[in-house]
Amino acid sequence: MRAEGTQKVIPARKSGGSIAATSPVTTTLIGIAVLFFLVAGPGTATFENMAQNNFAVAQGQWWLIFTAALLHGSFSHILFNMWALWVLGPQVERGVGAGPYLALYVAAAGVGGAVAYHFGGAFDVGVGASGAIFGLFGIWVSWGFRRRNTAQGRAILSQMGFLLLINAAIPFLIPRISWQAHLGGLIAGFLIGEAWARVRGPQTNVIRILIGLGVAAAAVISVL
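Model, not experiment: these values are computed from the prediction.

**Quick word on helix α2 (residues 24–39)**
- Taking 1.5 Å per residue as the helical rise, α2 with its 16 residues ought to reach 22 Å, and the 22 Å between its terminal C-alpha atoms agrees with that figure.
- Within the sequence span of α2, burial applies to V25, T26, L29, I30 and A33. Buried residues along α2 cover an arc of 135° about the axis, so they all sit on one side. Exposed residues lying more than 90 degrees from the buried face of α2 are L38 and V39.

Following this line, the structure appears as structure tokens:
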């Protein structure tokens, strides 16, 4: 896939090998999440120390907006998030490269956590990779929007719109789902995608990484 009028953003190309071989960051992120779920699940000290406790964030523990993305509260929670990561992540990773992809994931997690902090309760506690995964939704929406005058772009917007509609309804059906983190991650992913689409030249990869890290830094600054 190619963003209209720009260099490749999320190319849909044939690639040999399995997803695990061609998308190592995605598979590593899934592996890390599963490992944390098995050894640092709810009730453990690690879980309590790494979850996003808004009161603790207010006391200066800004890193919790990121570490919460490593944790999940139940089997269904991690199953849904890792399935979404497996579906949405590999093509983005292959399209932009491992470094920018990881920077996007971290930035969306951080912005999701920051929005959950600013618009959640003072004593709310949250976990999950939803903010980061909604960043992937955002990058796809950005690509589809830029190609909205093509059949492929309209198809992606339709698919993403349907999935986002379902996810927008989930917080109203299942209590304690953070719509704030979802919204923050989605916005971060979309804005990063729009910025990436304007980057050209031999330093594209480095600049995209710096854009992602800059967004992550802005999330940190906002909670200090």
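**Structural notes on the environment of S222**
- Considering the arrangement of structural elements, one finds S222 in helix α11 (residues 204–223).
- We classify S222 as partly exposed; its relative accessible area is 32%.
- As a C-alpha pair, S222 and H118 span 104 residues in sequence and 8.8 Å in three-dimensional space.
- Each residue touching S222, except ones within four places of it in the same chain, is listed here: A114 and H118.
- For S222, the side chain forms a polar contact with the main-chain oxygen of A219, separated by 2.7 Å.

**With respect to the side chain of N81**
- Topologically, N81 is positioned in helix α6 (residues 75–96).
- Engagement of the side chain of N81 in a polar contact is seen with the side chain of S130, the distance being 3.4 Å.
- The residues contacting N81, other than those within four sequence positions of it, are H72, G128, A129, S130 and I133.

**Describing the nonpolar core**
- Counting 46 residues, the largest nonpolar core has M82, L85, Y101 and I133 as its most contacted members.
- Top element by residues in this core is helix α7 (residues 98–119). It accounts for 10 residues.
- Among all residues touching L85, those that are not within four sequence positions of it are T26, L29, I30, P90, Y101, Y105, I133 and L136.

**Remarks on a nonpolar patch on the surface**
- Taken together, the side chains of F119, W179, L183, I187 and L191 make up a nonpolar region of the molecular surface, amounting to roughly 530 Å² of accessible area.
- With 4 residues, the single largest contributor to the nonpolar patch is helix α10 (residues 179–196).
- Structurally, L183 is set in helix α10.

Rules of the game
Residues numbered from 1 in each chain as written. Predicted model: local features only at pLDDT ≥ 70, side-chain atom pairs only at ≥ 80, totals over all residues. Heavy atoms only, no water. Helix = DSSP H or I, 4+ residues; strand = E, 2+ residues; numbered from the N terminus. Expected span 1.5 Å × (residues − 1). Buried < 20%, exposed > 50% of the residue type's maximum accessible area, 1.4 Å probe, protein only. Arc of directions from axis to C-beta. Contact = heavy atoms within 4.5 Å. Polar contact = N/O pair within 3.5 Å; in protein donor to acceptor, adjacent residues only side chain to side chain. Core = buried A, V, L, I, M, F, W, Y, C linked by side-chain atoms within 4.5 Å. Patch = residues over 30% accessible without salt bridge, like charges linked within 9 Å, V, L, I, M, F, W, Y side chains within 5 Å. Areas by Shrake-Rupley, 256 points an atom, 1.4 Å probe, with all protein chains shown as cover. Salt bridge = Lys/Arg side-chain N within 4 Å of Asp/Glu carboxyl O.

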